[in-house]
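The residues making up each chain are set out below.
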Amino acid sequence: MKTWWQQLNLREQRLIMAMAAAISVFILYGLIWQPLNENIASSKLKIERQQALLSWVEDNTKRYKQAKLTNGSRSGASLSSIVNRTSRQNDIIITRMQPQADDLQVWIDEISFNQLLTWLEQLASREGLRVKNIDLSLADEQGVVRVRRLQLGKS
């Protein structure tokens, strides 16, 4: 290699050295500098998203604790009174209710499936009730179901 280098004239040696320097700069930039900068930028973005998530969790934790405190006074209410109150609020007509030990069984002739889901979510999240068992059947109208049996209990 040394003999090859010495056989080149001065102009060719300078040209090869300039080309080697340019290739070295390109390799340094392309393989080291640019990936580092991209990694730093993505890390900053990830930190911002995590901070936004943290603030959202803190805000909703406060709301959850406040809701739990306000619903704490309702925890002494009977299942039937909670179901009656929330069904009136949601315009749900209950056909029959029957207490069974610590649970309550409910029957509804016809109800929109989406309305049923909204009501059950309200019972679970705001009132602290849980669905232990549910038996549904399709009604004649699309999107409407019959609740043959809905068994609710306290969490």
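Before any of the text, the structure's been laid out above.
Residues numbered from 1 in each chain as written. Predicted model: local features only at pLDDT ≥ 70, side-chain atom pairs only at ≥ 80, totals over all residues. Heavy atoms only, no water.

Turning our attention to the overall build of the protein chain. Assigned secondary structure in the protein chain consists of four helices and four strands. Reading the secondary structure of the protein chain in the N-to-C direction produces α-α-α-β-β-α-β-β. Compactness check: the protein chain gives a C-alpha radius of gyration of 35 Å against a globular reference of 15 Å for 155 residues, more than 25% above the reference. Seen through its principal axes, the protein chain has C-alpha atoms that stretch 105 × 40 × 25 Å. The buried share of the protein chain, taken over its 155 residues, is 22%. The long-range fraction of contacts in the protein chain, counting pairs at least 24 apart against all pairs at least 6 apart in sequence, stands at 54%. Total accessible area on the protein chain is roughly 11900 Å²; 57% of this is exposed by carbon and sulfur atoms. Of the side chains in the protein chain, 21 bear a positive and 15 a negative charge, and the two mean positions are spaced by 9 Å. (Helix = DSSP H or I, 4+ residues; strand = E, 2+ residues; numbered from the N terminus. Rg over C-alpha atoms; globule rule 2.2 N^0.38 Å. Buried < 20%, exposed > 50% of the residue type's maximum accessible area, 1.4 Å probe, protein only. Contact = heavy atoms within 4.5 Å. Areas by Shrake-Rupley, 256 points an atom, 1.4 Å probe, with all protein chains shown as cover. Lys, Arg positive; Asp, Glu negative; His and termini not counted. Charge placed at Lys NZ, Arg CZ, Asp CG, Glu CD.)

One pass over the structure, following the stated rule, counts one aromatic pair. Ring centres of W4 and W5 lie 6.5 Å apart, and the angle between their planes is 50°; this geometry places the pair in the tilted category. Among the residues examined, W4 registers a relative accessible area of 42% and is labelled partly exposed. Relative accessible area serves as the criterion here: at 28%, W5 is assigned to the partly exposed category. The ring centre of W107 lies 4.1 Å from the NZ or CZ of R96, which sits over that ring. (Phe/Tyr/Trp six-rings, centres within 6.5 Å; stacked < 30°, edge-to-face > 60°. Lys NZ or Arg CZ within 6 Å of the ring centre and 35° of its normal.)

Examined bridge by bridge, strand β3 (residues 129–138) and strand β4 (residues 144–154) share nine bridges and lie antiparallel to one another. Each bridged residue has a counterpart across the sheet, and for D135 the counterpart in β4 is R149. Hairpin geometry of β3 and β4 is characterised by an intervening segment of five residues between the two adjacent antiparallel strands and by a positive phi of about 85° at G143. (Pairing = 2+ DSSP bridges.)

Here the focus is the side chain of N90. Among the structural elements, N90 can be located in the loop between α3 (79–89) and β1 (96–100). Reaching out from N90, the side chain makes a polar contact with the side chain of Q122 at a distance of 2.7 Å. (Polar contact = N/O pair within 3.5 Å; in protein donor to acceptor, adjacent residues only side chain to side chain.)

Within α3 the residues assigned to the buried category are L79, I82, V83, T86 and S87. For α3, the angular spread of buried residues about the axis comes to 120°, placing them on one side. For α3, the secondary structure elements touched by its buried residues are β1, β2 (103–112), α4 (113–125), β3 and β4. Trailing α3 by a residue or two, D91 shows a phi angle of about 55°, which is positive. (Arc of directions from axis to C-beta.)

Take α4 next. For α4, which comprises 13 residues, the first-to-last C-alpha distance of 18 Å matches the rise-based estimate of 18 Å (1.5 Å per residue) to within 8%. For α4, the complete set of buried residues consists of L116, W119, L120, Q122 and L123. The buried side chains of α4 occupy one side of the element, clustering within an arc of 155° when seen end-on. Buried-residue contacts for α4 involve α3, β2, β3 and β4. (Expected span 1.5 Å × (residues − 1).)

Taken as a whole and assessed by the stated rule, the structure comprises three salt bridges. Note that R85 is salt-bridged to E127, the shortest N-O span being 3.0 Å. Of this pair, R85 sits in helix α3 while E127 is found in the loop between α4 and β3, placing the two residues 42 residues apart along the sequence. Using a relative accessible area of 11% as the deciding quantity, one classes E127 as buried. (Salt bridge = Lys/Arg side-chain N within 4 Å of Asp/Glu carboxyl O.)

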